[in-house]
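Residue-level structure breakdown
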Amino acid sequence: MSMRQTFMNTCAIVTAALGVIASTRAAVAAPLPITDAPGVRVQSFGVYDTSRTEVVAVTTPASFTVPVTIPPGARLLSAVTVPDRIWTTTVTTTAAPLRFRVLFESDGAAPVVLYDRTIDIAGQAADRRWFEFGRDLGALAGRRGTLRFETALARPDAAPGTLALWALPELADCAEGAPSLLLVTIDALRSDHLGSAGYARPTTPYLDRFAADATRFAAAFAAGPKTIPSIPQILTGTYFFRHRTTPGLAALLGPGRFERSRAIVNNPYVASWLGGERPGFQSVVAGDLDARAITSAALRWLSAAGRCRTALYLHYLDTHTPYHAPPRYARRFIDRDAKTTIGLTFDDVTGTWQNRYGDVDRTRIVDLYDGSIAWTDRQLGRLLRGVARRSRADRTIVVISADHGEELWEHGHFFHGQSLYDELLHVPLLVRVPNAPRGRVVEDLVSSVDIVPTIAAAAGFSAAAALPATVFDGTSLLPLLRGAPDVASPHQLIFATVSNAEPRSPPRQAVRTRTAKLVRDIEDGRLEVYDLMQDPREQRNLGSAAPGAGVLVKALDAIRQRLDGRGMQLRVRSTLDHPIAYAVQLSGDPPVPIVEPDRLALEPSDHIVVGEHSSALTVRGTLSPGDEDQVRMDVLAATGTLRVSITLDALPAPAGTLRIGAAGKIAEGSVDLADPALVGPPERAPTPGGAPNPGVVVSLWRAAEAAEAAPAIDPSARERLRSLGYVE
């Protein structure tokens, strides 16, 4: 069932119940059933960097009413705003000042004013935002009446017609007991730059204080070295998020679980990906928000929610390039006498890849990175103190981690996404759950895909009703959090992957145990093997001949096999009596991302070549008589044309070489991605339907289900990504 269907079903249930059940305690938050009326309509809307799944749009003056019986412990939750634009038209100078009021009306009693605010976006720039509010209704418990939501002109001479928005009002049961959730990810934060992990500089006094009151997982690793795929992996609990069978964290949100939910993020990749996941979160706030702005927005939202059960996800970006912490923090660790041209900010990622900076410059860059960490830590301290002041600390699941680390020239480079070494994968993971021991350090190997299973278990959601364990690659860390004796580590090894990160980074997969790591380059099949006990910085590649390398390869293949039969598959098969060299190139028209290539059956001398911006993929190899090669990939588009160019011994392949789908339909040079004939693996026979045997057959097919589409990045977001140091 979709989240939209769930919402509609919930509304139907609430509509039947309200006004009939007297003084019955509501079990969950319930969206009030608003129906369209003259001047009133329910729709999705995004304004002021906030997108909401449902709002009530009102053409002023207008009002809407809902009959209710107020249950014990109820709290009314909503938000109001006057948008500064309608589609592409800016209205900041023409919008009339509006008065928003909520009243409870009951027969024989004076109306009770629950909320009253005037918003004037033309006269007050500070009014150009959403105003969250929550009102406890305990004094009205058991009373039957009507909630009236009024939007009126605040000035009698104002012209009608200004658009007003109400966040879909909810009546929430805020009883004690069930925990709330605070999930924080910090972009590009290395584990070893935290004081609690032994870093010499005092970069994280507030996080260190939190770690002393929580559980610190000392051996936590991200499953990807950059924001995408790492954030989707975290929020779904799966390595291969494009082929997941559950929405992950989104399945924990909504009636009966975390009733009130919001994401506040500062990263265009995260914002774009959450755009497709937004049915999970009631609202997503995304924009160029520094750490102070994110913390302030979070605390305002928590204040409005009161003691209601909430799920709040925050993604901080200040530890990511460009480094521009406030001067007080930027200066904190620098050597003011250093002979460097770098000042108190740094944004030249391209220059670092061109070896433009010497040792003194590199030291200053690390100083600025640490200053940005200290600035973010200060704002996290504000956040955690605010949670405590709102009496939430002992009834909130708090998880603080990072999407990935940052390479600071350990392997000759700066930034992230380019490799699978520990400086990019080793991340902080601090967890505090109610009724668990505090101040513990767990040395067990854990993965970022364990976070959502842990949240589900700590929140008390049954596996059958919420998230079946079989759909996860991660496992719950709750036994480790509770310090149960003789608890076995949930992982003997963990997995990480990066696909087509940038032109400088070929797609790779890795597995890591406590003592060893294996990295496989997908393009050429080359293996890197490291003995982490003797070489923890991964400087000496022992290669495929290293002791235990074969075991690690089998472990990697076992995880990779979860992709078998999924996505797009390409197979080249020969029935010739002599070797033949081939090349098959795939490219989208218009260009589409072709990602997650994988070597299903290729010789070491065969190669996969990823095109610029992941817009093309070429497979090159040599087939012996009777041999076949096979690769898989994800083509992140449901429509369009896939161009297929095939050469055999450097000559264009003859007609009939390309076959698609289960029936082996002949295609000549192009494939319609929407063609249903593309679905299903073909038979092994190279001559379906009596077609002539060309000697080499190239088969292309895809699984019945499509891979998750790539997040949409608009031009302004692309410019912002370039300012953050991304060059793709």
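Structure: above.
Read on for an overview of the structure. None of the values given here were measured: they were computed from a predicted structure.

We now examine the overall build of the chain. The secondary structure content of the chain amounts to 13 helices and 39 strands. Summarising its shape, the C-alpha atoms of the chain cover approximately 95 × 70 × 55 Å along the three principal directions. Across the chain, contacts joining residues at least 24 apart in sequence account for 74% of those joining residues at least 6 apart. Surface summary for the chain: the accessible area is close to 28,400 Å², and the carbon and sulfur share equals 53%.

Turning to helix 5 (residues 291–305), a few remarks are in order. For helix 5, with 15 residues, the first-to-last C-alpha span of 21 Å sits near the 21 Å given by 1.5 Å per residue. Among the residues of helix 5, Ala 291, Ile 294, Thr 295, Ala 297, Ala 298, Leu 299, Trp 301, Leu 302, Ala 304 and Ala 305 are the ones counted as buried. Where helix 5 is buried, its residues touch strand 5 (74–81), strand 10 (131–136), strand 16 (260–265), strand 18 (310–316) and helix 8 (359–389). The backbone nitrogen of Arg 292 lies 3.2 Å from a side-chain oxygen of the residue at the head of helix 5, namely Asp 290. Looking one or two places after helix 5, you find Gly 306, whose phi comes out positive at around 60 degrees.

Note on placement: Arg 438 falls in the loop between strand 22 (429–432) and strand 23 (440–447). With relative accessibility at 31%, the residue Arg 438 sits in the partly exposed group. Considered as a pair, Arg 438 and Ser 106 are 332 residues apart in the sequence and their alpha carbons are 49 Å apart. When residues no more than four places from it in sequence are discounted, the contact partners of Arg 438 are Ala 212, Asp 213, Ala 214, Asp 394, Arg 432 and Val 433. Side-chain polar atoms of Arg 438 contact the side chain of Asp 213, separated by 3.2 Å.

In space, the four strands of this open sheet follow the order 4-11-8-9, with antiparallel pairing throughout. At either margin of the open sheet sits one strand with a lone partner, and together these are strand 4 (62–69) and strand 9 (112–119). Averaged over all neighbouring strand pairs, the angle between strand axes comes to 10 degrees, with direction disregarded. Here strand 8 (residues 98–105) runs beside strand 11 (residues 144–153); their pairing, made up of eight bridges, is antiparallel. The residue bridging Arg 99 from the neighbouring strand is Ala 152, located in strand 11.

If you check which residues of helix 2 (residues 205–212) are buried, you get Leu 207, Phe 210 and Ala 211. Viewed end-on, helix 2 has its buried residues packed into an arc of 100 degrees, placing them on one side of the element. Across helix 2 from its buried face, at more than 90 degrees, point the exposed residues Arg 209 and Ala 212. Looking at the buried positions of helix 2, the neighbouring elements they touch are strand 14 (180–186), strand 15 (215–221), helix 8, strand 19 (396–402) and strand 22.

Another point: unusual backbone geometry. The residue after Thr 60, namely Pro 61, is reached through a cis peptide bond having omega 0 degrees. Locating Pro 61 in the fold gives a position in the loop between strand 3 (50–59) and strand 4. Omega for the peptide link from Thr 321 to Pro 322 comes to -5 degrees, which places this bond in the cis form. On the secondary structure map, Pro 322 appears in the loop between strand 18 and helix 6 (327–330). Even without being glycine, Asp 649 reaches a positive phi, approximately 50 degrees. Here Asp 649 shows up in the loop between strand 34 (641–648) and strand 35 (651–652). Judged by relative accessible area, Asp 649 falls into the partly exposed class, the value being 41%.

Analysis parameters
Residues numbered from 1 in each chain as written. Predicted model: local features only at pLDDT ≥ 70, side-chain atom pairs only at ≥ 80, totals over all residues. Heavy atoms only, no water. Helix = DSSP H or I, 4+ residues; strand = E, 2+ residues; numbered from the N terminus. Contact = heavy atoms within 4.5 Å. Areas by Shrake-Rupley, 256 points an atom, 1.4 Å probe, with all protein chains shown as cover. Expected span 1.5 Å × (residues − 1). Buried < 20%, exposed > 50% of the residue type's maximum accessible area, 1.4 Å probe, protein only. Polar contact = N/O pair within 3.5 Å; in protein donor to acceptor, adjacent residues only side chain to side chain. Pairing = 2+ DSSP bridges. Axes fitted to C-alpha atoms, helices over the stretch in contact; angles between N-to-C directions. Arc of directions from axis to C-beta.

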